[in-house]
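Residue strings, one per chain:
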Amino acid sequence: YKYLSTYAQLAGEPANRITGIDEAIGKLENLEMLFIANAQIEKLPKSIGQLSKLSDLELFNLPLTELDASIFEGLTELVSVNVSGLYNMSPDTILNVLEHMCLNCPNVQLLYINENKLTSLPENLYRMSDLRLLDAAFNKITHVPSIQPIAPVQLILDFNKISEFPADFCGVDDMELFTCVANNLQQFPAFLSNMEGGYAIQEIDLTTNKMHGFQEG
């Protein structure tokens, strides 16, 4: 299983000598969790898409040069996904993979997409209507589309370049944590101002921004 030491490695610094995974992994038809991290793997076998019972998938700190987006067509039972630190792939390629995931994996509840140099959240993210946690910190995001009807519990967008959110960005009834530290926000987001009585918010952190008022909406 994964431990805290998994995430102690800096991007581009492998912690093992694994350079590949055999196509035979697709025969593990009952596999539910697959964590691949801190290795020297440049390409993953397409047969991963045959792991139809997979609920947890992690691809972390890997020098992948490509990732066949079609593998997600067979991973419809995914609940937790971490696709972070793919430092040899272009942001556009990673975004295309994520768009494909959004279209084919509607049951995802936990999504981590850190340190990928992304400039936008996926346009089809809203299709993951059960998403409860989104962590997209440490990218270069400037564009954030509305992700309604998603009502996340935790939303983490620290260290990006976001200047504003759509007034209807997301649902807030279940939100407990929203952090958008060290971005370029000019105004307090309207979607946070629209909270009604009974909401569960416990923490909002917007430090190190450039706010001078409230967004209309």
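Residues numbered from 1 in each chain as written. Predicted model: local features only at pLDDT ≥ 70, side-chain atom pairs only at ≥ 80, totals over all residues. Heavy atoms only, no water.

### A closer look at helix 1 (residues 91–104)
Moving on, step 1. Under the 1.5 Å per step criterion, the end-to-end length of helix 1 is 20 Å for 14 residues, consistent within 8% with the ideal 20 Å.
Moving on, step 2. Among all positions in helix 1, only Ile94, Leu95, Val97, Leu98, Glu99, Met101 and Cys102 are buried.
Moving on, step 3. For helix 1, the secondary structure elements touched by its buried residues are strand 3 (80–84) and strand 4 (110–112). (Helix = DSSP H or I, 4+ residues; strand = E, 2+ residues; numbered from the N terminus. Expected span 1.5 Å × (residues − 1). Buried < 20%, exposed > 50% of the residue type's maximum accessible area, 1.4 Å probe, protein only. Contact = heavy atoms within 4.5 Å.)

### Thoughts on the nonpolar core
Moving on, step 1. One finds Leu111, Leu125, Phe165 and Phe178 to be the most contacted residues of the largest nonpolar core, which totals 59 residues.
Moving on, step 2. Elements that contribute at least two residues to this core include exactly strand 1 (33–37), strand 2 (56–60), strand 3, helix 1 and helix 2 (190–193).
Moving on, step 3. Sorting elements by how many residues they give to this core places helix 1 first, with six residues. (Core = buried A, V, L, I, M, F, W, Y, C linked by side-chain atoms within 4.5 Å.)

### Remarks on unusual backbone geometry
Moving on, step 1. For the peptide bond that leads from Gln148 to Pro149, omega is 10°, which places it in the cis range.
Moving on, step 2. Assignment of secondary structure puts Pro149 in the loop between strand 5 (133–135) and strand 6 (154–156).
Moving on, step 3. With phi around 50°, Glu115 is a residue other than glycine that occupies positive phi space.
Moving on, step 4. Turning to its location among the elements, Glu115 is positioned in the loop between strand 4 and strand 5.

That's the geometry; what it means functionally is another story.
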